Number of protein chains: 2
Amino acid sequence: MAFREEDTNTADTAADSNATVQLQGERNNITIGDVAEALGVSKTTVSRAISGKGRIGAETRKRVLEYIKKNHYRPNVVAKGLAKSKTYNIGWVMPGDSNVSDLPFFQRCMMGISEVAAAGDYDILISMVFDRDISQLKSVVKNRKVDGIILGRTLVEDEGIEFLKESDIPFVVIGSSLDDDVIQIDNDHVKACRELTSIVIMKGVRRLALIGGSTNHVVNLTRRKGFESGLREQGIAVNQDLIYMDCEMDSAVERAVDDCLRNQVECIICTDDRICHSVLEKLERDRVRIPDQMKVASFYSSIMLENNQPAITSLHYDPKELGVVACRTLFDYLAGKEVQKKVLLGYEVVLKGSTQ
Amino acid sequence: MAFREEDTNTADTAADSNATVQLQGERNNITIGDVAEALGVSKTTVSRAISGKGRIGAETRKRVLEYIKKNHYRPNVVAKGLAKSKTYNIGWVMPGDSNVSDLPFFQRCMMGISEVAAAGDYDILISMVFDRDISQLKSVVKNRKVDGIILGRTLVEDEGIEFLKESDIPFVVIGSSLDDDVIQIDNDHVKACRELTSIVIMKGVRRLALIGGSTNHVVNLTRRKGFESGLREQGIAVNQDLIYMDCEMDSAVERAVDDCLRNQVECIICTDDRICHSVLEKLERDRVRIPDQMKVASFYSSIMLENNQPAITSLHYDPKELGVVACRTLFDYLAGKEVQKKVLLGYEVVLKGSTQ
DNA sequence: TTGAAAGCGCTAACAA
DNA sequence: TTGTTAGCGCTTTCAA
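What you see is a predicted model; the values in this text were computed from it and never measured. (Residues numbered from 1 in each chain as written. Chains lettered and ligands numbered in written order. Predicted model: local features only at pLDDT ≥ 70, side-chain atom pairs only at ≥ 80, totals over all residues.)

Colleague: Could you clarify how one ought to interpret the overall build of chain A in this entry?
Modeller: What chain A contains, in helices and strands, is 13 helices and 16 strands. Its C-alpha atoms give chain A a radius of gyration of 27 Å, more than 25% over the compact-globule value 21 Å for 356 residues. C-alpha extents for chain A along the principal axes are approximately 85 × 60 × 35 Å. Within chain A, buried positions represent 46% of all 356 residues. (Helix = DSSP H or I, 4+ residues; strand = E, 2+ residues; numbered from the N terminus. Rg over C-alpha atoms; globule rule 2.2 N^0.38 Å. Buried ≥ 20, exposed ≤ 12 C-beta atoms within 10 Å, placed from the backbone.)

Colleague: Got a minute to help me understand the packing of helix H2 (residues 43-51) of chain A against helix H3 (residues 58-70) of chain A in this structure?
Modeller: Helix-helix packing is characterised by the crossing angle of the two axes and by the distance between the axes. Residues and elements named next belong to chain A. With their axes 9 Å apart at the nearest point, H2 and H3 run at an angle of 85° to one another. With respect to H3, the axis of H2 lies roughly perpendicular. Side by side, H2 and H3 meet where Thr 45, Val 46 and Ala 49 of the first sit next to Thr 60, Arg 61, Val 64 and Leu 65 of the second. Residues of the contact of H2 with H3, tallied by class, amount to 4 nonpolar, 2 polar and 1 charged. (Axes fitted to C-alpha atoms, helices over the stretch in contact; angles between N-to-C directions. Parallel < 35°, antiparallel > 145°, perpendicular 65-115°, else oblique. Contact = placed C-beta atoms within 7 Å. Nonpolar A, V, L, I, M, F, W, Y, C, P; charged D, E, K, R; others polar.)

Colleague: Any chance you could explain the protein's contact with DNA strand C here in plain terms?
Modeller: Surrounding DNA strand C, one finds 26 residues, the nearest of these being Arg 55 and Gly 57 of chain A together with Ile 32, Ser 47 and Asn 76 of chain B. Counting only elements with at least two residues in the surface near DNA strand C, the list comes to H2 and helix H4 (77-84) of chain A together with helix H2 (43-51) and helix H4 (77-84) of chain B. The element contributing the most residues to the surface near DNA strand C is H4 of chain B, with 5 residues. Looking at the surface near DNA strand C, its residues break down into 9 nonpolar, 11 polar and 6 charged. (Near = placed C-beta within 6 Å.)

Colleague: Where do I start with the relation of the copies chain A and chain B in this structure?
Modeller: Both copies of the chain are tied together by a single rotation about an axis and a shift running along it. Rotating chain A by 180° and translating it 0.0 Å along the rotation axis places it on chain B, where the RMSD comes to 0.1 Å. The superposition of one copy onto the other is thereby described by a two-fold rotation axis. No C-alpha of chain A lies nearer the rotation axis than that of Leu 125 of chain A, which sits 2.2 Å from it. Comparing interface residues between copies, 99% of those in chain A also sit at the interface in chain B, which points to an isologous, same-surface contact. (Least-squares fit on C-alpha atoms with pLDDT ≥ 70 in both.)

Colleague: I'm lost on the interface of chain A and chain B in this one. Help?
Modeller: One frequently used descriptor of interface size is the decrease in accessible area upon assembly of the parts. On the chain B side, the residues contacting the 72 residues of chain A number 73 residues. The element contributing the most residues to the side of chain A that touches chain B is helix H5 (residues 103-119) of chain A, with 6 residues.

Colleague: Can you walk me through the protein's contact with DNA strand D in this structure?
Modeller: Near DNA strand D lie 26 residues; those nearest to it are Ile 32, Ser 47 and Asn 76 of chain A together with Arg 55 and Gly 57 of chain B. Those elements giving two or more residues to the surface near DNA strand D turn out to be H2 and H4 of chain A together with H2 and H4 of chain B.

Colleague: Honestly, the nonpolar core in this entry has me stumped. Any pointers?
Modeller: Across soluble globular proteins, nonpolar side chains have a tendency to be buried as a group. Among the nonpolar cores identified, the biggest contains 92 residues, and Ile 150 and Ala 326 of chain A together with Ile 150 and Ala 326 of chain B are the most heavily contacted of them. Excluding anything up to four places from it in sequence, Ile 150 of chain A contacts Ile 90, Trp 92, Val 93, Ile 113, Phe 171, Val 172, Ile 174, Ala 326, Cys 327 and Leu 330 of chain A. (Core = buried A, V, L, I, M, F, W, Y, C linked by C-beta atoms within 7 Å.)

Colleague: It is not clear to me how the domain arrangement of chain A should be interpreted in this structure. Could you clarify?
Modeller: Each assigned domain of chain A is listed with its residue range as follows: domain 1 (2-75), domain 2 (86-183 + 329-340) and domain 3 (189-319 + 349-355). Computed over C-alpha atoms only, the centres of domain 1 of chain A and domain 2 of chain A are separated by 28 Å. (Domains from an automatic or database assignment.)

Colleague: What is the right way to read the pairing of strand E15 (residues 342-345) of chain A from this model?
Modeller: When a strand is regular, its side chains alternate between the sheet's two faces. All names here are of chain A. Here E15 shows two buried faces, one formed by Lys 342 and Leu 344 and the other by Val 343 and Leu 345. Here 4 bridges tie strand E8 (residues 183-187) to E15, and the two strands are oriented parallel to one another. If you follow Ile 185 over to E15, its bridge partner there is Val 343. (Pairing = 2+ DSSP bridges.)

Colleague: When you look at the packing of helix H1 (residues 32-39) of chain B against H2 of chain B in this model, what are you seeing that I'm missing?
Modeller: All names here are of chain B. Where H1 meets H2, the closest approach of the two axes is 8 Å, and the angle between their N-to-C directions is 110°. Judged by the inter-axis angle, H1 sits roughly perpendicular to H2. Touching Ile 32, Gly 33, Val 35 and Ala 36 of H1 are Lys 43, Thr 45, Val 46 and Ser 47, all from H2. Here the contact of H1 with H2 is composed, by residue class, of 4 nonpolar, 3 polar and 1 charged.

Right, here's the structure in full:
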């Protein structure tokens, strides 16, 4: 029933005027040399006054600083970078092929990173990677445009990580890596998922199923591990037949749900909210009532689940905090400090009506 | 009914090991000087071989290029930038305070930008701005970390635009600006909204209402203009009482819907899908059936509306294309070419069940 | 406490 | 066709 009427002129001009503009003139900025000359001191002195390093007379210092302020001098960060072999940029690598529902997650991470970065006079250079295409990442690193990298997600076979390791540029990942050499910042998914699973079981449920996403995403493996650990903790044998992984397509989710219904599953747990959303739709279509006929919980929640009736029991994380810690860790590492190889952040279990 | 159990150890170490790492060693790269020396030519010659500019013997050129390839030499972009007064970065300014439902929009824009930028050997530096805080943008510009800027959205009173104008750095905006001096890339919202409004009217509706977002967002003004123009086009007088703007909060939307119901409105048009979503929830709560008792359409659709029953009539745009055109335009402008001050891109009217 | 000079890695006049 | 030299704007040794 979709009548599509496409506009023909896809690149039209404003009706009122065909006005054009052209760049002219040069911006020329005042340099450290100008300051030095104006004050009759050397560039070195000015440099020292600014950086605060090296001995310098309090009086001279004050004069320089005042002049600088009055004349709006700002050091050229790029030139400084060249001299110090730094770029004052860090690279933030986002998957360009992620589900829309994951975008807010990366966005929040980025806000955390950006906050810390800004405080350290750093900027963020982004590069998008796709499943098999890490060319943007490569170019940023090979062109030496960044001092370090933060990788936004981890895969089991991660070309990005491979590349970063061999190009020995400092980097940290958000998420867990199977590779111990990598500096990792993640939420404690195992513990979180174990806890949620346990709680659901303690409410009386015995037959639980897990519907999960790609097994190439480390996070899904971690969540599965937490789920199984929760079962065992409550003395329930892990039934591999009730664990459905790699449900990337809605159709796979549907098949899994059908199977659950056939097998008298009492509670479906989803590794993320995209899957959960699709489970909920399927259950609605089949007129399965939640929580009476089936309980549902999710190991990750975003806006997608926000307005569901009934509300969905799920785990909450703080993506911004991940970004903050990742960036701090990277900075510490760049500064030559010792950093922990793996930092695990907290979580929240939020119980709602869907597991009542 | 939300039992929240917060984890106490928000920054815990991996259980198995307290392993730490520390950065060591320096990456030292081969420079243009090394290449020159190895080949017994001057740096200039190497530079010319790489850039292809200036006369150089075919034989020499080949030798240099081969050596470079074999030894994995990559020019230092930052040094090149310093010499040429370029950064090879463009700034992408995203609102950090936007609704989650808008994030995919900005993400898609960014993908378009990133595609064009990469093709031009440029990278993207991001800065987030908040309603009243453009400090990140300022720092990026003042530190001269970028050659030009793309602004992701426009406000009626836009501090970002003000700042960019007076710092005379080249920039383009995605969206429309009331300021004619600004280079703008936008969809043709007026035309699109006029068309959608007209079509709905031609289906027999006479009493239409518009529920819209902040009047500080230029796009909302533009859409309102299109709505009114559609009414007039169909010979319907514009009733200002049925135009509800600045419905930022859900509560405002609810009041507007209540008012619509009282006033025998037959069709509610929303300026974006966040508002539409909230209209739909309200109507559902009031058990108003769509489209029988009330028709609904939206001037912008994203995932939020995707799975609604019935599907919602709306306008579709291509955010990535906006990014592509914005970046191309900026590049042209930087290159000293003449560019159009205002480029309007196309749209799609997608008719669905909600206006049946 | 201050300054001269070399250097970060590249480009671009100008000469040869 | 190639090389010499100065310079982009800053830092940093070394000397004064």
